[in-house]
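What the coordinates show
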Amino acid sequence: MAREKTKSTPAPTSAQRSGEQAPNPVWFKPVMFGFMLVGLIWIIVFYVSQGALPIAALESWNIVVGFGIAFIGFLMTTRWR
């Protein structure tokens, strides 16, 4: 008895990928790491300058700003492919 041929669908090519499966653009990784580094540098500058820099009017809120910037970078890691 002859075997029946099964139809196989070809693997999706890069042109057929949906937005969910598409790779990240070239700029994504540098921006992601940039946000994390800028947030870290913001916090370090705040501590080293004893609160005088980066924005003296924010006082201790500079820490929140630094963590917020770094957090954006960490959120971007969830979308990294």
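Higher on the page you've got the structure.
A few words now on the overall build of the protein chain. Tallying secondary structure elements over the protein chain gives two helices and zero strands in all. Pairs at least 24 residues apart make up 62% of the contacts formed inside the protein chain by residues separated by at least 6 positions. For the protein chain, the exposed area adds up to about 6,800 Å²; of that, 67% sits on carbon and sulfur atoms.

Once that is clear, we can look at the side chain of N62. The residue N62 is located in helix α2 (residues 61-76) in this model. For N62, a relative accessible area of 0% gives the class buried.

Taken together, L37, L40, I41, I44, V45, V48 and L53 make up a surface patch of nonpolar side chains, about 640 Å² in accessible area. Checked against the element boundaries, I41 lands in helix α1 (residues 28-48). Of the residues examined, I41 reaches a relative accessible area of 49% and is grouped as partly exposed.

Positionally, F46 belongs in helix α1. Along the sequence, F46 and I63 sit 17 residues apart, while their C-alpha atoms lie 7.5 Å from each other. Dropping the residues within four chain positions of it, F46 is found in contact with G51, L53, P54, E59, S60, N62 and I63.

What counts, and where the lines are drawn
Residues numbered from 1 in each chain as written. Predicted model: local features only at pLDDT ≥ 70, side-chain atom pairs only at ≥ 80, totals over all residues. Heavy atoms only, no water. Helix = DSSP H or I, 4+ residues; strand = E, 2+ residues; numbered from the N terminus. Contact = heavy atoms within 4.5 Å. Areas by Shrake-Rupley, 256 points an atom, 1.4 Å probe, with all protein chains shown as cover. Buried < 20%, exposed > 50% of the residue type's maximum accessible area, 1.4 Å probe, protein only. Patch = residues over 30% accessible without salt bridge, like charges linked within 9 Å, V, L, I, M, F, W, Y side chains within 5 Å. Salt bridge = Lys/Arg side-chain N within 4 Å of Asp/Glu carboxyl O.

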